[in-house]
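# Structure at a glance
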Amino acid sequence: VGINRIMWNLQGEPSAKIVLRTKPQYADWFDMGDDRRRPSPQPTMSILQPPGTYTVTLKVGDETFTQQLEVIKDPNSTGTLADIRVQTAMLEDIRDDRNTAAETINQIELLRRQLKDLQDVVGNRDDSEEIVAAADSLGKELVAVEERLIQLRVTGTGQDQIRWPSRVVERLGYLGTSLAVGDFRPTASLREVH
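Residues numbered from 1 in each chain as written. Predicted model: local features only at pLDDT ≥ 70, side-chain atom pairs only at ≥ 80, totals over all residues. Heavy atoms only, no water.

So, on to the overall build of the protein chain. The helix and strand inventory of the protein chain stands at 5 helices and 4 strands. At 22 Å, the protein chain has a C-alpha radius of gyration far larger than the 16 Å of a compact globule built from 194 residues. Across its three principal directions, the C-alpha atoms of the protein chain cover 70 × 50 × 30 Å. Residues classed as buried in the protein chain amount to 32% of the 194 residues present. Expressed as a percentage of contacts within the protein chain between residues at least 6 apart in sequence, the contacts between residues at least 24 apart total 62%. Mean positive and mean negative side-chain charge positions of the protein chain (24 and 30 charges, respectively) differ by 3 Å. (Helix = DSSP H or I, 4+ residues; strand = E, 2+ residues; numbered from the N terminus. Rg over C-alpha atoms; globule rule 2.2 N^0.38 Å. Buried < 20%, exposed > 50% of the residue type's maximum accessible area, 1.4 Å probe, protein only. Contact = heavy atoms within 4.5 Å. Lys, Arg positive; Asp, Glu negative; His and termini not counted. Charge placed at Lys NZ, Arg CZ, Asp CG, Glu CD.)

Here's what the structure looks like:
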């Protein structure tokens, strides 16, 4: 008789994925691959769901089984259910802030990719110098905004995380990780940083 295993994933929906479509700053050697995308150095953020009653649905072949499941608090934790609710609410706020930053980064990356493509397309036109200069100027303005949200020099090689200062997305990730360490209410300092 074979043993079937069921894995429970009590993580909530992950945060928005960041899609980088341009090379890291100062890294012209970086290969973007055929799809002209590179993985974001920042992982998505998921929140462990708090204790409570959940509906579990199991599908086996054509059959579906549904049942209520109660997830209880770790009996070894000194944090209260009220503490966990406050912690979860703040983690959701952090994830929402990260999602806003990720959506902005994704829009800027798409625009920057289009500007680079435009510069390549107009290369031989009579008015190409004007178009390239305008695209370059707009690209620099977009970079000025984007580099406040995410570290644009990260290549994924070496010690990028300690070499370059963290930006908003990296800081939100660190803040969320620090907050989610245990079942405790956010500290005053975590709230102040947020």
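Read on, since the account is not over.
Turning our eyes to something else, we now look at the environment of Asp 83. Examined against the element boundaries, Asp 83 turns out to sit in helix 1 (residues 81-121). Along the primary structure Asp 83 and Phe 184 are separated by 101 residues, whereas in three dimensions their C-alpha atoms are 5.3 Å apart. Once residues lying within four places of it in the same chain are set aside, the contact partners of Asp 83 are Asp 183, Phe 184 and Arg 185.

Further remarks concern the pairing of strand 4 (residues 63-71). As paired strands, strand 3 (residues 52-60) and strand 4 are joined by 9 bridges and run antiparallel to one another. Bridging across to strand 4, Thr 55 finds its partner in Gln 68. Hairpin connection between strand 3 and strand 4: a loop of 2 residues separates the two successive antiparallel strands, and Gly 61 in this loop has a positive phi of roughly 60 degrees. (Pairing = 2+ DSSP bridges.)

With 10 residues, the main nonpolar core is built from Ile 18, Leu 20, Ala 101, Ala 102, Ile 105, Val 143, Leu 149, Ile 150, Leu 152 and Val 169. Broken down by secondary-structure element, the contributors of at least two residues to this core are helix 1 and helix 2 (128-149). Looking at this core element by element, the count peaks at 3 residues for helix 1. Those residues in contact with Leu 149 that sit more than four places away from it in its chain are Ala 101, Thr 104, Ile 105, Arg 167, Val 168, Val 169 and Glu 170. By size, the runner-up hydrophobic cluster in this structure holds 9 residues, among which are Leu 91, Ile 94, Leu 179 and Leu 190. (Core = buried A, V, L, I, M, F, W, Y, C linked by side-chain atoms within 4.5 Å.)

Further remarks concern the side chain of Thr 88. Within the element layout of this structure, Thr 88 appears in helix 1. Excluding residues that lie within four positions of it along the chain, Thr 88 makes contacts with Ile 47 and Pro 50.

Before going further, it helps to spend a moment on the packing of helix 1 against helix 4 (residues 168-179). Interaxial distance between helix 1 and helix 4 falls to 10 Å at its minimum, and their mutual angle equals 165 degrees. What the angle tells us is that helix 1 and helix 4 run roughly antiparallel. Helix 1 and helix 4 meet at a crossing whose hand is left-handed. Residues Gln 87, Met 90, Leu 91, Ile 94, Asp 97, Arg 98, Ala 101 and Ile 105 of helix 1 pack against Val 169, Leu 172, Leu 175, Gly 176 and Leu 179 of helix 4. (Axes fitted to C-alpha atoms, helices over the stretch in contact; angles between N-to-C directions. Parallel < 35°, antiparallel > 145°, perpendicular 65-115°, else oblique. Left-handed = near helix turned anticlockwise from the far one by under 90°.)

Let us now look at a nonpolar patch on the surface. Nonpolar side chains collect at one region of the surface, where Leu 58, Val 60 and Phe 65 lie side by side and expose about 250 Å² of accessible area between them. You can see Val 60 is positioned in strand 3. Its relative accessible area of 46% is what places Val 60 among the partly exposed residues. (Patch = residues over 30% accessible without salt bridge, like charges linked within 9 Å, V, L, I, M, F, W, Y side chains within 5 Å. Areas by Shrake-Rupley, 256 points an atom, 1.4 Å probe, with all protein chains shown as cover. Salt bridge = Lys/Arg side-chain N within 4 Å of Asp/Glu carboxyl O.)

Summed over all chains, the structure comprises 7 salt bridges. Between Asp 117 and Arg 36 there is a salt bridge, with the nearest N and O atoms lying 2.8 Å from each other. Here Arg 36 lies in the loop between strand 1 (19-20) and strand 2 (38-39) and Asp 117 lies in helix 1, a separation of 81 residues in the sequence. Here Asp 117 falls in the partly exposed class, since its relative accessible area comes to 21%.

Moving on, we get to the environment of Thr 57. Inspection of the secondary structure assignment puts Thr 57 in strand 3. Accessibility expressed as a relative area gives 46% for Thr 57, which makes it partly exposed. In this structure, the C-alpha to C-alpha distance between Thr 57 and Ser 189, residues 132 residues apart in sequence, is 40 Å. Residues within four places of Thr 57 in sequence aside, it is in contact with Thr 64, Phe 65 and Thr 66.

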